[in-house]
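Geometric and topological summary
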Number of protein chains: 4
Amino acid sequence: MAKPKIKRVVLAYSGGLDTSIILKWLAETYGAEVVTFTADLGQGEELEPARAKAEMLGIKPAHIFIEDLREEFVRDFVFPMFRANAQYEGLYLLGTSIARPLIAKRLVEIARQVGADAIAHGSTGKGNDQVRFELSAYALEPDIKIIAPWREWDFASRTALIEYAEKHQIPVPKDKRGEAPFSTDANLLHTSSEGKVLEDPAEETPGYVYSRTIDPESAPDKATVIEIGFEKGDPVSINGEAMSPATLLAALNAYGRDNGIGRLDLVENRFVGMKSRGMYETPGGAILLVAHRAIESITLDRGAAHLKDELMPKYAELIYNGFWFAPERELLQGLIDKSQDLVTGRVRLKLYKGGAYVVGRDSPHSLYDQDLVTFEEGAVAYDHNDASGFIKLNALRLRTLAKRKKREAKG
Amino acid sequence: MAKPKIKRVVLAYSGGLDTSIILKWLAETYGAEVVTFTADLGQGEELEPARAKAEMLGIKPAHIFIEDLREEFVRDFVFPMFRANAQYEGLYLLGTSIARPLIAKRLVEIARQVGADAIAHGSTGKGNDQVRFELSAYALEPDIKIIAPWREWDFASRTALIEYAEKHQIPVPKDKRGEAPFSTDANLLHTSSEGKVLEDPAEETPGYVYSRTIDPESAPDKATVIEIGFEKGDPVSINGEAMSPATLLAALNAYGRDNGIGRLDLVENRFVGMKSRGMYETPGGAILLVAHRAIESITLDRGAAHLKDELMPKYAELIYNGFWFAPERELLQGLIDKSQDLVTGRVRLKLYKGGAYVVGRDSPHSLYDQDLVTFEEGAVAYDHNDASGFIKLNALRLRTLAKRKKREAKG
Amino acid sequence: MAKPKIKRVVLAYSGGLDTSIILKWLAETYGAEVVTFTADLGQGEELEPARAKAEMLGIKPAHIFIEDLREEFVRDFVFPMFRANAQYEGLYLLGTSIARPLIAKRLVEIARQVGADAIAHGSTGKGNDQVRFELSAYALEPDIKIIAPWREWDFASRTALIEYAEKHQIPVPKDKRGEAPFSTDANLLHTSSEGKVLEDPAEETPGYVYSRTIDPESAPDKATVIEIGFEKGDPVSINGEAMSPATLLAALNAYGRDNGIGRLDLVENRFVGMKSRGMYETPGGAILLVAHRAIESITLDRGAAHLKDELMPKYAELIYNGFWFAPERELLQGLIDKSQDLVTGRVRLKLYKGGAYVVGRDSPHSLYDQDLVTFEEGAVAYDHNDASGFIKLNALRLRTLAKRKKREAKG
Amino acid sequence: MAKPKIKRVVLAYSGGLDTSIILKWLAETYGAEVVTFTADLGQGEELEPARAKAEMLGIKPAHIFIEDLREEFVRDFVFPMFRANAQYEGLYLLGTSIARPLIAKRLVEIARQVGADAIAHGSTGKGNDQVRFELSAYALEPDIKIIAPWREWDFASRTALIEYAEKHQIPVPKDKRGEAPFSTDANLLHTSSEGKVLEDPAEETPGYVYSRTIDPESAPDKATVIEIGFEKGDPVSINGEAMSPATLLAALNAYGRDNGIGRLDLVENRFVGMKSRGMYETPGGAILLVAHRAIESITLDRGAAHLKDELMPKYAELIYNGFWFAPERELLQGLIDKSQDLVTGRVRLKLYKGGAYVVGRDSPHSLYDQDLVTFEEGAVAYDHNDASGFIKLNALRLRTLAKRKKREAKG
């Protein structure tokens, strides 16, 4: 099928080999002028080499977009998600999922700015990321053309790709010639690894796969205690020092890394239908989840807390599946955000060899009432006799059922 | 109000001071013949002293019931609950909650056997346990009379209680004269502690409160690897050795204890309406949860897995609130049990200083298909182009929304 | 038990016999100064007689509060609830439930204004209304004293009550001497009837119980067509004529009454634990529900619509159980309200002998796109081939399951 | 793209023009031997003409499958669904959705029987039915090849289709030459209509579209009363006469038709992403829903009933989307079926001009207890004072919240 003509396309460009090949392939296949977008989401790589490489590959300087999105990423995506205590399939902290909508949003915005009619990304046809990029982009710009080269091109093997690169004067680093033993995705929230050496879920993740955390067994023998300050559900300080969102998450990452916290070896269900096995390192996020639950535990009413718990699996699934910009995610977010109005206070944690343990929490808005729980009955309006009526009426329907059973057993 | 006359009452009797006082108080207040029931749920105490004490307090030998319920407890209560990955408020493994229905069931059965018209328990009027005991008992025997002395009697202080004990020749151990610094509940699944020294949630749990687990910092410096075998969602073996339910849980407890696993310091919302702070030690249960999720991850379809995740908070809340014998818990249990038909296989875990990490899982029924996820497209029926259509139709409603927004922005 | 001394109590006073007896009983029993509060919620009774009667019973004019709350009732309670399409147990439009929080709110506010330390209501000890009144009052004023005479006093029979009335010079209308054949509750949204002649659910509701609607069989033989205009989820006009909330609901009630719409004979589950049988007439509400669903059907995205449908049972249950002022109801309301931003447009309905049928709906914000559904493929971006990929990926996990089944059947 | 060679294909064949064209097109395009399958699901058409036509089009007699599936359809698909009170988007009784899995199942079974490697259906590429057919087929036979000619062929217009028919000696009825003003799908549960004259949701459905029900305005002026007997959640008799499932549903359809019951004009959200407008006639189903809710109302405990209500939207969505054979639908079905164990009894209904009204229900397993609800307190164990404690403890958290608010307002 003949490709439709594309005038200008904004490519999510990492500066690496694969997206460089995509850059050339887009120009060649679609006759398109390529605009590159490289974002710093805290993946821990220099971005300037991406600029140099894009220039070398013929991109006009005005068409090279390099942006530091770390603060926006943490403030508008990561923290809102943590307000929900979101964990996909009970465990995964959604580190990759949450980055995609932001990249898609910037791709679309840049496309508008430079008058591009298409965007392109380097995600493969078997993963969730293609879905997340594209659903986000379509939700923001319904008529955008989206190009996913991995779904379109005919390269039958890694070798064919390398040949194409060499033919087009794209430098090929030595270690990229063969198959990588695993692939990674990284941002300020996490690093994920999957593929090849991880493909057998019966086999332990090799030690060299980990890059963001020290092995718990190698972590310090002495625990570290930190205090995280929260305001309206978001962390705002560590040990009393106020920090911006990205700075704070980076600091938590450092604590997590040093203490071997946040490793997760998981077999998960992809939206596209198959199971996959991944390894996640979310050092700061793992700490944040524990702390956020703790501050909620004293500031959130049971009704609100249980409602949030019931809605969480759906909310997490929406983010995992790429529906960040869907009305149902936004409606749930509104509810979650509103619940956080008084989720303010401090949580003290002990970090030790892979674990994060709550050792104290307090809040000016605490709903915990020592007088109510103390065994001695005090001035407080708790009458033990109330419990009797409470139980009796809760039991009424169960007793009615039991009577039916008895009656029918006799009959 | 004059007490109604009770002929015979079955008391949940621990052999300790408090339930001994209750024993006498029941006899005196209601003129009732007291039948004692003491169960071994794995709380780690000798039961024969309870027999001796009951006899000493005047109970007829035929009216002293002492039973080892450990296997029934684990097989019919603990394991079914773990099939659901149940955690109340995201964290609590429900160790106390799950023991109450079984005790209530036996109280009712013994009441029928000995012709008693009432049962009695030693739970206070501020906690959840009274609710759990009584809802369970009413659900099984709708016209049973239930006596909760702590809600009825007039003892205004610990001193008054002690005086009553002494007046009735009940031996008072020295360490029971004053207020306990904290109270505990224990069974094969867990030990919980609450009260006094734990009442300020801003303060760290003192080290002496822990009784079931070694401090992670004191745990061995070398990790322990174990393999748990599952059949239909339940653990059946450790390191290839088949074990009965209670034996297996005890073995997991030993692993957990030695490696400092399963401590939880929590502020939770009681069913009776207030927040309370407790400390839980669930060494074997914490390991089991991780392992069960892992075996499910390769054997359960996404549809079934997500349905379970969505229902879990409600299921956990039902158990926490005491509705074990309610139809909705039983209906959910049926669904959960059915989902476990093929949840069979093995999980390998590394246990290390407070953490339990999955290092491998396999199953004869695995749904994980290496061919489907491998990056190279193989013989398998996964066509990259399918992803394009999948995304397009999932995006359709989002694009329609975006078009409305554009149209209206213009208007 | 001796009654605590009450200084001043605000009574929800209807002017009828029962609340007049309560008035005297409160004064006598608690030595309290009674303040009466009578609200017009559209129950269709004159309020001035209540004033005269209160005065006659010795209440100071400054302590007689009579208020027309119809607009507030409909605007701030009824309409917000209808935004959710709330139906308890699939059918009941919550007409009684939704009135209680407003009355409780005014009782509390008046108590503050007049310096009362208590409020009192005339609900019995077996129903839901006592719960709704009291939960609402406690949520607004945690230390308020609430008196529910029906739970407290000793009148053993209707006769004893009448005697008390006569002894205290309370006029007893002839038809109130004996047991009423049924009791009713009415407001602008509905009339409910229950008790005595309705107590056998096997027996048809006698015709004389209905008071708000014509029997469908007696309704006009010709259908009536009306058009309801909506803005942000609320009805704002009928047949093009803008109306205030209460005026509009009254107008819908007239349409409903004339066409025999909104009768419901129901056995429902009370919060206090038993089943009860009631008969409801909600003429305008029944029409409104149909119309609201219709305007949502073209303006709400599927994601938002299905989320609302999933949350509705819980939302309805919260209102039924009296948790209007609970955080979880408020959080859900926020979500629901937000979803209604573009639920604006017009719905045409045919009303005929008990039924309300949608015959047309349109909206400036319609998401219905004729081009997308037409069988002929048009300029629109719907590619039939997309469906193939969509199905394939949705089927992937089902095929993986089927392969497992086949494999194991062979094995 | 060259079509893969198909040896033998089983076609869902109605005998009409469109599936006859498909028959020829399959033979021509794929060189496939076509096997026809025509099912009687109660659509109200003779099936023998389909046989004659298939023979005329060259199908071998042994390859013409004509089956009466009405009993299986109602017993194994319709009734199980009604046990859940399933309504998609609050209103649609899923009449089309529920028929597809059965047809797909028989297509797959016949394919196995005749050694076919493919199945084919006549659903278009824009609707839900393609999804339902194909998901069901894949779930039963993971490697089946499915051909959906409407997604594949190149006919650009109705005219082109007719030309193809004439070229291949397929008789073209006069009324099929042009576009149909609307299309229909019918089975024993319902008739749906959509397309063309229904495409503007602002316009009333023309009278001639209705085929299964009398206009309520033309229905008898006198109400009809019927009694439906239920066993374990399924209807088993009418007016005391036991009937097979299909016979019973047909009888209910006749009652519904005569009284103008079960019309629904709806804009719904398709799984494939767009909104569509349809008109449904479900005469017997509409009656059955009312009756089933009524028998549940007296036999089902609140806990079970509310759990069912909460799960219903998801269950209905699964059926609508085609996931009948998915594990999550099967798990939910198990729960629903189990809940129906004692849903046995009788419901009396008044049918009148579009409405079905409950006028009585009774059951040997009724949980409705007249003694519990009667205003006079009887021998029954309901103590009004219990309500006080019940309310107090339910209010505790709300009061704690209110105290926080007060405290902070002051601060």
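Residues numbered from 1 in each chain as written. Chains lettered and ligands numbered in written order. Predicted model: local features only at pLDDT ≥ 70, side-chain atom pairs only at ≥ 80, totals over all residues. Heavy atoms only, no water.

1. Description of the interface of chain D and chain C
Each partner contributes to the interface: chain D provides 97 residues, whereas chain C provides 97 residues. Surface buried jointly by chain D and chain C totals about 9000 Å² across both partners, of which 56% is contributed by carbon and sulfur atoms. The interface formed by chain D and chain C holds twelve salt bridges in total. Between lysine 350 of chain D and glutamate 217 of chain C there is a salt bridge, and its shortest N-O distance comes to 3.5 Å. Across the chain D-chain C interface, the total number found is 38 residue pairs in polar contact (both at pLDDT 80 or more). With 16 residues, the top contributor of residues to the side of chain D that touches chain C is helix 13 (residues 384-410) of chain D. In terms of residue class, the side of chain D that touches chain C is built from 42 nonpolar, 20 polar and 35 charged. (Contact = heavy atoms within 4.5 Å. Buried area = accessible area lost by both parts, 1.4 Å probe. Salt bridge = Lys/Arg side-chain N within 4 Å of Asp/Glu carboxyl O. Polar contact = N/O pair within 3.5 Å; in protein donor to acceptor, adjacent residues only side chain to side chain. Helix = DSSP H or I, 4+ residues; strand = E, 2+ residues; numbered from the N terminus. Nonpolar A, V, L, I, M, F, W, Y, C, P; charged D, E, K, R; others polar.)

2. Details of the sheet that holds strand 12 (residues 275-281) of chain C
Residue and element names in this part refer to chain C. The four strands lie next to each other as 6-7-12-11, forming an open sheet whose pairing is antiparallel. Either end of the sheet is taken by a strand with one partner, and the two such strands are strand 6 (183-186) and strand 11 (263-269). Between one strand axis and the next, the sheet turns by 25 degrees as a mean value, whatever way the strands run. Sheet topology note: the strand 7 (residues 191-194)/strand 12 ladder contains four bridges and is antiparallel. By the bridge assignment for strand 12, serine 193 is matched with methionine 279. (Pairing = 2+ DSSP bridges. Axes fitted to C-alpha atoms, helices over the stretch in contact; angles between N-to-C directions.)

3. With respect to the interface of chain D and chain A
The partner chain A presents 27 residues to the 27 residues of chain D that form the contact. Between chain D and chain A, roughly 2600 Å² of surface is buried when both sides are summed, and carbon and sulfur atoms account for 57% of that area. Three residues, Leu393, Arg397 and Arg404 of chain D, lead the burial of chain D against chain A; their summed loss comes to 21% of the area buried on that side. Viewed at the interface, chain A and chain D are joined by two salt bridges. Residues aspartate 301 of chain D and arginine 397 of chain A are paired through a salt bridge, measuring 2.5 Å at the closest nitrogen-oxygen approach. Summed over the shared surface of chain D and chain A, the number is ten residue pairs in polar contact (both at pLDDT 80 or more). Counting residues per element, the ones that place at least two in the side of chain D that touches chain A are helix 10 (302-321) and helix 13 of chain D.

4. Some words on the pattern of salt bridges
Counting across every chain of the model gives 148 salt bridges over all chains. Note that arginine 8 of chain C and glutamate 33 of chain C form a salt bridge whose closest N and O atoms lie 2.8 Å from each other. Taken as a pair, arginine 8 of chain C in strand 1 (residues 8-12) and glutamate 33 of chain C in strand 2 (residues 33-40) lie far apart in primary sequence, 25 residues in all. One salt-bridge network, in which partners are shared between bridges, spans Glu67, Glu72, Lys105, Arg106 and Glu109 of chain A.

5. Some remarks on the packing of aromatic side chains
Residues and elements named next belong to chain A. Here the structure, examined in full by the defined rule, presents 50 aromatic pairs over all chains. Look at phenylalanine 155 and tyrosine 164: their rings are 5.0 Å apart centre to centre, the planes differ by 65 degrees, and that puts the pair in the edge-to-face class. Overall, phenylalanine 155 belongs to the partly exposed group, its relative accessible area being 22%. Taking relative accessible area as the criterion, tyrosine 164 reaches 8% and is therefore assigned buried. Each member of the aromatic cluster is reached from another via a ring pair, and the members are Trp25, Tyr30, Trp150, Trp153, Phe155 and Tyr164. Positioned above the aromatic ring of tyrosine 320 is the side chain of arginine 132, whose terminal nitrogen or guanidinium carbon lies 4.8 Å from the ring centre. (Phe/Tyr/Trp six-rings, centres within 6.5 Å; stacked < 30°, edge-to-face > 60°. Buried < 20%, exposed > 50% of the residue type's maximum accessible area, 1.4 Å probe, protein only. Lys NZ or Arg CZ within 6 Å of the ring centre and 35° of its normal.)

6. So, the UniProt feature "binding site: L-aspartate" (unreviewed entry) in chain A
Residue and element names in this part refer to chain A. Under the feature "binding site: L-aspartate" (unreviewed entry), the UniProt entry names Thr124, Asn128 and Asp129. Along the chain, threonine 124 turns up in the loop between strand 4 (118-120) and helix 5 (129-140). For threonine 124, a relative accessible area of 21% gives the class partly exposed. By secondary structure assignment, the location of asparagine 128 is in the loop between strand 4 and helix 5. The class of asparagine 128 is buried, set by a relative accessible area of 6%. Those residues in contact with asparagine 128 that lie beyond four places of it in its chain are Glu268, Arg270, Phe271, Val272 and Tyr320. (UniProt positions renumbered as here; feature names shortened; annotations may be inferred.)

7. Quick word on the relation of the copies chain D and chain A
You can overlay chain D on chain A at an RMSD of 0.1 Å; the transform is a turn of 180 degrees with a shift of 0.0 Å along its axis. When the rotation and shift are considered jointly, the pair of chain copies conforms to a two-fold rotation axis. When each C-alpha of chain D is compared by its distance to the rotation axis, phenylalanine 390 of chain D comes out closest, at 1.8 Å. The residues that chain D uses at the interface reappear at the interface of chain A in 100% of cases, marking a shared surface. (Least-squares fit on C-alpha atoms with pLDDT ≥ 70 in both.)

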